[in-house]
Protein chains: 2
Amino acid sequence: MNYLTKTLSGAAMLLPAAALAQQQKPNIIFFLVDDMGWLDSSVQYGDRMYPLNHRYHTPNMQKLAEKGTILCNAYACPVSSPTRTSLMSGMNAAHSGITDFTTAVPGVPSDASHEPDALKDDVLIHPDWNWNGISPSAGVPHTVQVTPMTQLLKDDGYYTIHVGKGHWAAAGTPAASPYNLGFCVNVAGQVAGKPQSYYGEENYGNTKDKWSTFSTMNLTEYYGTNTHLTEALTLEALKTLDYPIKNNLPFYLYMAHHGVHTPITPDPRFVQRYLDAGLDNGQANYASLVEGVDKSLGDIMNFLDKKGIADNTIIIFLADNGGNSENKSKGGILHTQNEPLREGKASCYEGGIKVPMMVYWPGKTSAGARVNTPVIAEDLYPTILDMAGIKDYKTIQDVDGLSLVNLITDGSSDIDPDRELVFHFPHQWKPYPLEDIDYMTSMRKGDWKIVYRHRTQKLELYNLKKDISERNDVASSNKKKLKEMATILSDKLRKWNSPMPSLRNNGKQIPYPDELI
Amino acid sequence: MNYLTKTLSGAAMLLPAAALAQQQKPNIIFFLVDDMGWLDSSVQYGDRMYPLNHRYHTPNMQKLAEKGTILCNAYACPVSSPTRTSLMSGMNAAHSGITDFTTAVPGVPSDASHEPDALKDDVLIHPDWNWNGISPSAGVPHTVQVTPMTQLLKDDGYYTIHVGKGHWAAAGTPAASPYNLGFCVNVAGQVAGKPQSYYGEENYGNTKDKWSTFSTMNLTEYYGTNTHLTEALTLEALKTLDYPIKNNLPFYLYMAHHGVHTPITPDPRFVQRYLDAGLDNGQANYASLVEGVDKSLGDIMNFLDKKGIADNTIIIFLADNGGNSENKSKGGILHTQNEPLREGKASCYEGGIKVPMMVYWPGKTSAGARVNTPVIAEDLYPTILDMAGIKDYKTIQDVDGLSLVNLITDGSSDIDPDRELVFHFPHQWKPYPLEDIDYMTSMRKGDWKIVYRHRTQKLELYNLKKDISERNDVASSNKKKLKEMATILSDKLRKWNSPMPSLRNNGKQIPYPDELI
């Protein structure tokens, strides 16, 4: 033991663990975009640039891509809450039973499957599921109890900050508040799944005519100003970093933008570029929301540089599900807005689950690296704890995700590229049935993907390497592969006791995939 | 320099200032109650127990009084925002020009003086004033720019927490957010001056029929539960202390309850006691709100004990103005609810400005000590910084308050008991005129008090030692004292360029008090 070590040890007894460790601990910024599709930036995630990539002006995402590692085959759940709760729990949604979005109204499930006045599916009845989301404590009905990732970070001394959208749990339950999930600081985060308005002029929805439980809170300072919601959340995020930076506390910033979720309204700062390029109003409005989020990313990166902490700050970029393909306000033609991917948000086809993802870890990731191994949202739970150097932690839940640290940093992966990734949506998404979106389960394993359509109880098989658009169902000509995939998927669903719909005509649960072969 | 000192110094270069200093820095809890009158607890602030004192069951306030120092002659401003901004600025309200409550709607002053459809005073026109409150930055119209006390605390390493009511500034201005005033953490604090509902069952006002900009934010986890607002804010406050306690960071908790402001609705946990005692519904409901706040104080004290930090935590107890005497929902007889004090909230008579105040500083204050020297809200700015050991700080504003540390700790005061304290309310409080409340200025100096009634342009003089109820105007028999008091008061108002009303018949500003003699 040399003198310096001894000196530090002597002082250590009097001094906070968080402070002592800060020289080693990296800061972590999780930059999460809402409803942003895989093609919705100029960053090339696929094997080529697709037409949609050329539509978007996202220089800061581009910059991050050039500095960091692109995860070319990153996946999330088909809708918001399942992904967000996977991040906090490390559990696959089919395992946690949080398979649709959590409710904003206590005691009332919010997914369309439960809506009494919805046009229902003729064939299926929705299953019971954990529509109250995650819970840090036991005994909360319709929740899964978990040890939140942020709680472990905070317990380790991380100054944990939540900015933006929560959507982990129902109103009236503990996880409705970020303060119960291990966050030290919360700006605006609660149960809402979307903003009521992006405009400061409309108080972000907090006016007599616009208000709903979806209205974003805590931004009163911008009321009546022309500050866009994306800008306001960014400014708030940077403010919250003041204390940990000054006091040398490692921080975790969960920067969860509402952008680019509906309402698809123009961001006046950016929309003209897209109108000039000949896009229709909806397309231009959407692209302007994307560019607003891009600016936010740039502002954060510039801030890190200015504060001299960029070299010790990891940035993780992710979207929470695929782009919305079932909303006319986005312009274009419905169900084609993620081409070449099939369908969009809420579907278990690639358009609903394949998401943009990048990681920049200064000194660890290689500039411009591309990783093709498929990864999934729940991997970020162990990954972030690994990044923070937190080992041997205890969790109430069984974590399904795997640490991506080696994969991201040196590419010599301990992650099997043939690992199976499960997507499960046993619900009707909207108050009216949607053929290629509702009631589906799918699983990717290597280049193969099985799709289970609950309504028809048919299995499909795609080879994603040859058929990224899932247009060529090869189930009938690959019986062995289909059976192998069906068996693996069924074993998972049984083991996890995943919510499964029932048949309307006899009340019985639909068969597991392997029972169809 | 001994070995230990040397060791610490060696390590100090690597370690945060906040952490190093924590052994010396006390934690500070500012427990602020809204609209609680001087008589509204079992704590004896006066020279005797008055009938009202016997009404209330407040064992925890009693306990704090027995451990700490009672400030028997503590004053605040007649309404909320002026007091709250005085705490943050150290300025007297007549100096800051924030003389009424700040608005919740951008660009629209909220005081009744400005309401277009209010029944106006026949004689007077309200002055211009800083109805947008304080601002941490320059150039915001109708604000006074200040260095917030909490900014200095945060800059010194304090982990600064805001829980509850803000009400420092208008929506659409920077100080609408506690994050712009040097707070690290904010729970629920914004521009609202009152809660829309105390009930979790009513989502604290966040329902379609109840919502307004007054609805308390950030408590979604309690929606639909039977958690009273006072309880919810207390639970939230204790949660936020987790991080600073674990990481040995000194904290400042601004625990600003909405209780016991209107709406005066029953706290079901406590109301029966008061109904059984024969109080009317309004009185019982109000007393139940007080007892809810008392429980909160007790819960916080118990928490400090349990965490082993009670010995290093200062508790400051204060109300923001006198008890409301102009609201029928409180029961009893209007304008008598602070007896023996005259009038109540918004008045510059004692009932509007005399407030309960206690300070407990373990090892520094003496158990059961009573201090009679008059003190005022703005004193808490330099007092708290003094408690935190922050010296030679720079402020944009001129601070009027004086540190009470010596007064509180050893009674051998450097505060002149004859110091003049000014109260200024050049406004109409309600949409209808109120004789003994609207348009008044008063000043206490020693035992004497001058009252200036703007409407009649008459001066009154009271000897508070003999006449705590201000019923015996001795102006005509004490001309010399009256003149002395009028001169001092007028000099202050002129020096501060305090907002003064004008006469409706000629548009001219009303005379200063000394011009009437």
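The rules behind the values
Residues numbered from 1 in each chain as written. Chains lettered and ligands numbered in written order. Predicted model: local features only at pLDDT ≥ 70, side-chain atom pairs only at ≥ 80, totals over all residues. Heavy atoms only, no water. Helix = DSSP H or I, 4+ residues; strand = E, 2+ residues; numbered from the N terminus. Rg over C-alpha atoms; globule rule 2.2 N^0.38 Å. Contact = heavy atoms within 4.5 Å. Lys, Arg positive; Asp, Glu negative; His and termini not counted. Charge placed at Lys NZ, Arg CZ, Asp CG, Glu CD. Salt bridge = Lys/Arg side-chain N within 4 Å of Asp/Glu carboxyl O. Buried < 20%, exposed > 50% of the residue type's maximum accessible area, 1.4 Å probe, protein only. pLDDT = per-residue confidence, 0-100. Expected span 1.5 Å × (residues − 1). Polar contact = N/O pair within 3.5 Å; in protein donor to acceptor, adjacent residues only side chain to side chain. Phe/Tyr/Trp six-rings, centres within 6.5 Å; stacked < 30°, edge-to-face > 60°. Pairing = 2+ DSSP bridges. Axes fitted to C-alpha atoms, helices over the stretch in contact; angles between N-to-C directions.

1. Focus on the overall build of chain A
Each helix and strand in chain A was counted, giving 15 helices and 19 strands. Relative to its length of 517 residues, chain A is compact, with a C-alpha radius of gyration of 22 Å against a globular reference of 24 Å. Dimensions along the principal axes, computed over C-alpha positions, put chain A at roughly 75 × 55 × 45 Å. A fraction of 68% describes how many contacts in chain A between residues 6 or more apart in sequence connect residues 24 or more apart. If you average the places of the 49 positive and of the 57 negative side-chain charges in chain A, the two averages end up 2 Å apart.

2. Here's the deal with the pattern of salt bridges
If charged atoms from side chains of opposite charge come close, those side chains can pair. The tally for this structure, following the rule as stated, stands at 70 salt bridges over all chains. The residue Asp 242 of chain A makes a salt bridge to Lys 154 of chain B at a minimum N-O spacing of 3.1 Å. Residue Asp 242 of chain A is found in helix α9 (residues 242-246), and its partner Lys 154 of chain B is found in helix α6 (residues 149-155); the two belong to separate chains. Taken as a pair, Asp 242 of chain A and Lys 154 of chain B share a single burial class, namely buried. Each of Glu 231, Asp 267, Arg 269, Lys 295 and Asp 299 of chain A takes part in a single network of salt bridges with overlapping partners.

3. So, the confidence of the model for chain A
All names here are of chain A. Mean pLDDT over chain A stands at 94; residues scoring 70 or higher make up 96%. Under a pLDDT of 50 for its full length, residues 1-23 has, in the predicted model, 39 contacts with residues more than four places off or in other chains. In the predicted complex, the global pTM is 0.94; the interface-specific ipTM is 0.93.

4. As for helix α10 (residues 281-307) of chain B
All names here are of chain B. Under the 1.5 Å per step criterion, the end-to-end length of α10 is 39 Å for 27 residues, consistent within 8% with the ideal 39 Å. The N-cap of α10, judged by a side-chain oxygen 3.1 Å from the amide nitrogen of Gly 282 a few residues on, is Asp 280. Backbone geometry just downstream of α10 places Gly 308 in the positive-phi region, at approximately 70°.

5. Focus: the packing of aromatic side chains
One pass over the full model with this rule turns up 26 aromatic pairs over all chains. Consider the rings of Trp 211 of chain A and Trp 211 of chain B, whose centres lie 5.5 Å apart with planes at 15°: the pair is stacked. In this pair, Trp 211 of chain A sits in the loop between β8 (185-187) and α8 (229-240) while Trp 211 of chain B sits in the loop between β8 (185-187) and α7 (229-240), so the two residues belong to two different chains. Overall, the relative accessible area of 7% leaves Trp 211 of chain A in the buried class. Members of the aromatic cluster, connected to one another through ring pairs, are Phe 30, Trp 168, Phe 183 and Tyr 254 of chain A.

6. Quick look at the sheet that holds β8 of chain A
Residue and element names in this part refer to chain A. Taken together, 8 strands build an open sheet; the order of strands is β8-β7-β9-β1-β10-β12-β2-β13 and the sheet is mixed. Either end of the sheet is taken by a strand with one partner, and the two such strands are β8 and β13 (369-371). Across the sheet, the axes of successive neighbouring strands diverge by a mean angle of 15°, strand direction being ignored. Sheet strands in contact with helix α11 (residues 281-307) are β1 (27-33), β9 (251-256) and β10 (313-319), and its direction is about 170° off that of β1.

7. A short note on the sheet that holds strand β11 (residues 354-355) of chain A
Residues and elements named next belong to chain A. The sheet built from 3 strands is open, its strands ordered β11-β3-β14 with mixed pairing. Of all the strands in the sheet, the pair left with one neighbour each is β11 and β14 (375-376). Pairing geometry for strand β3 (residues 74-75) and β14, over 2 bridges, is parallel. Paired with Tyr 75 across the strands is Ile 376, a residue of β14.

8. Details of unusual backbone geometry
With an omega dihedral of 15°, the bond running from Gly 259 of chain B to Val 260 of chain B counts as a cis peptide bond. Position of Val 260 of chain B relative to the elements: it lies in the loop between β9 (251-256) and α9 (271-276). A cis amide bond links Glu 339 of chain B to the next residue, Pro 340 of chain B, at an omega of 15°. Along the polypeptide, Pro 340 of chain B turns up in the loop between β10 (313-319) and α11 (350-353). The phi dihedral of Ala 188 of chain A is positive, around 80°, even though this residue is not glycine.

9. Here we look at the environment of Ile 245 of chain B
Residues and elements named next belong to chain B. As for its position among the elements, Ile 245 is in helix α8 (residues 242-246). Considering only alpha carbons, one finds Ile 245 and Gly 323, 78 residues apart in sequence, at a separation of 35 Å. Other than its neighbours up to four places away in sequence, Ile 245 contacts Phe 251, Phe 303, Lys 307 and Ile 309.

10. Concerning the pairing of strand β16 (residues 448-453) of chain B
Residue and element names in this part refer to chain B. Within β16, 6 of the 6 residues are buried, leaving the element largely enclosed by the surrounding structure. Neither face of β16 is exposed, since Trp 448, Ile 450 and Tyr 452 on one face and Lys 449, Val 451 and Arg 453 on the opposite face are all buried. Pairing of strand β15 (residues 440-445) with β16, which is carried by 6 bridges, proceeds in the antiparallel orientation. Bridge pairing in β16 places Met 443 opposite Ile 450.

11. Some words on the pairing of β10 of chain B
Residues and elements named next belong to chain B. Burial analysis of β10 places 7 of its 7 residues in the buried class, the great majority of the element. Both faces of β10 are covered, namely the face carrying Thr 313, Ile 315, Phe 317 and Ala 319 and the face carrying Ile 314, Ile 316 and Leu 318. Inspection of the sheet shows strand β1 (residues 27-33) paired to β10 by 7 bridges, in the parallel sense. Counterpart to Leu 32 in the pairing with β10 is Leu 318. In terms of strand pairing, β10 meets strand β11 (residues 357-360) through 4 bridges, oriented antiparallel.

12. A look at the side chain of Thr 99 of chain A
Residue and element names in this part refer to chain A. By the element assignment, Thr 99 lies in the loop between α6 (93-96) and β4 (124-125). Polar contacts involving the side chain of Thr 99 include one to the side chain of His 427, which spans 2.6 Å. Leave out the neighbours within four places in its chain, and Thr 99 touches Val 79, Pro 82, Ala 93, Ala 94, Trp 129, His 424, Phe 425, Pro 426, His 427 and Pro 499.

13. Considering the environment of Gln 145 of chain B
All names here are of chain B. Residue position: Gln 145 is located in strand β6 (residues 144-145). Note on Gln 145: relative accessible area 28%, which makes it partly exposed. Along the backbone, Gln 145 and Ile 134 are 11 residues apart, and their C-alpha atoms lie at a distance of 5.9 Å. Filtering out sequence-adjacent residues up to four positions away, Gln 145 remains in contact with Ser 135, Pro 136, Ser 137, Ala 138, Ile 396 and Gln 397.

14. A word on α8 of chain A
Residues and elements named next belong to chain A. Taking 1.5 Å of rise per residue, the 12 residues of α8 would be expected to cover 16 Å, and the 17 Å separating its terminal C-alpha atoms lies within 8% of that figure. The buried count for α8 comes to 10 of 12 residues, which makes it a mostly enclosed element. For α8, the set of buried residues is Leu 229, Thr 230, Glu 231, Ala 232, Leu 233, Thr 234, Glu 236, Ala 237, Leu 238 and Thr 240. Tucked inside the fold, the buried residues of α8 contact β7 (159-164), β8, α9, β9 and α11.

15. Remarks on the environment of Met 255 of chain B
All names here are of chain B. Along the chain, Met 255 falls in strand β9. A C-alpha to C-alpha distance of 37 Å links Met 255 and Glu 460, two positions 205 residues apart in sequence. Leaving out residues up to four positions away in the same chain, Met 255 has contacts with Phe 30, Phe 31, Leu 32, Val 163, Leu 233, Thr 234, Ala 237 and Ile 300.

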